[in-house]
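For reference, the chains in residue letters:
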Amino acid sequence: MVKLVVNFISNRTVHPRRGQVKGNSIYLDNGLAQGLPISPVLFSLLLSPVIIGHRSRYLYIDNVAIIAWGNIAEESLVNAETEANTLAEEIRWVSLEVNPAKTEVMTFYSVKTEPLR
C-alpha cells in the first residue's frame with residue numbers, strides 16, 4: 001500500500017490540453033493529483049495529526065476550516081488569527097504549506113441587545 005501511494009505522488013507529469021491542442025508535458029514535484037478519488041483520502045491522512053484533537057479545526061474533503069469565537073467580533077478575529085498561524089506552522093511539520101491565495105475568512109458574531117419589555 002505504501003509503495004502504491006509513493007508511486008501515486010512521485011514522478012508525475014501532466015499534459016495540458018486546450019481543445020484539441022495538447023501541450024508539452026510538465027513535471028510535478030509537489031501536491032496531489034486533482035480530481036482523483038484517492039487524493040482527498042491521502043490529504044486527510046496526511047493532515048490528521050494536525051487536525052485530530054483540536055475542537056476548532058475541521059477537515060472537509062481537501063479543505064481545512066478553523067472555527068474561532070469570542071465575546072466580541074475583535075476577539076473572534078484575534079482567536080482565528082492565532083489558530084490560523086498555529087495551524088500553518090503545524091502544517092509545515094508535515095511538509096505542506098498554506099496557500100494564502102486559497103485562504104478565506106468569514107466572521108460570525110452575535111450582537112447582544114436588551115430584551116423587549
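The structure this text deals with has already been given above.
Predicted, not measured: the structure shown is a model, and the values here were computed from it. (Residues numbered from 1 in each chain as written. Predicted model: local features only at pLDDT ≥ 70, side-chain atom pairs only at ≥ 80, totals over all residues. Heavy atoms only, no water.)

Our focus in this paragraph is the nonpolar core. One finds F43, L47, V50, I51, L87, I91 and V94 forming the largest nonpolar core, which totals seven residues. When residues of this core are traced back to their parent elements, those giving at least two are α2 (38–51) and α3 (73–93). It is α2 that provides the largest number of residues to this core, a total of four residues. Apart from the residues within four sequence positions on either side, F43 is in contact with L32, L59, I61, D62, N63 and V64. (Core = buried A, V, L, I, M, F, W, Y, C linked by side-chain atoms within 4.5 Å. Buried < 20%, exposed > 50% of the residue type's maximum accessible area, 1.4 Å probe, protein only. Helix = DSSP H or I, 4+ residues; strand = E, 2+ residues; numbered from the N terminus. Contact = heavy atoms within 4.5 Å.)

Estimated volume of the largest pocket: approximately 2,100 Å³. Secondary-structure elements contributing two or more residues to the lining of the largest pocket are α1 (2–9), α2, β5 (57–60), β6 (63–66) and α3. Considering every element that reaches the lining of the largest pocket, the biggest residue donor is α3, with nine residues. Looking at the lining of the largest pocket residue by residue, the classes come out as 31 nonpolar, 12 polar and five charged. (1 Å grid on protein atoms, 1.4 Å probe; cavity = no way out; pocket = protein on both sides within 12 Å on 5 of 7 lines; lining within 4 Å. Points joined across faces, edges and corners; volume = space filled by probe spheres on them. Nonpolar A, V, L, I, M, F, W, Y, C, P; charged D, E, K, R; others polar.)

Note that β5 and β6 share four bridges and pair antiparallel. Bridged to Y58 within β6 is A65. If you look at the hairpin formed by β5 and β6, you'll find two residues sitting between the two strands, and I61 has a positive phi there, around 55 degrees. (Pairing = 2+ DSSP bridges.)

What follows deals with the pattern of salt bridges. For the coordinates displayed, the defined rule picks out two salt bridges. Linking R57 and E90 is a salt bridge whose minimum nitrogen-to-oxygen distance equals 2.6 Å. In this pair, R57 sits in strand β5 while E90 sits in helix α3, placing the two residues 33 residues apart along the sequence. We note that R57, like E90, is buried. Among the charged side chains, a salt-bridge network with shared partners connects R57, E83 and E90. (Salt bridge = Lys/Arg side-chain N within 4 Å of Asp/Glu carboxyl O.)

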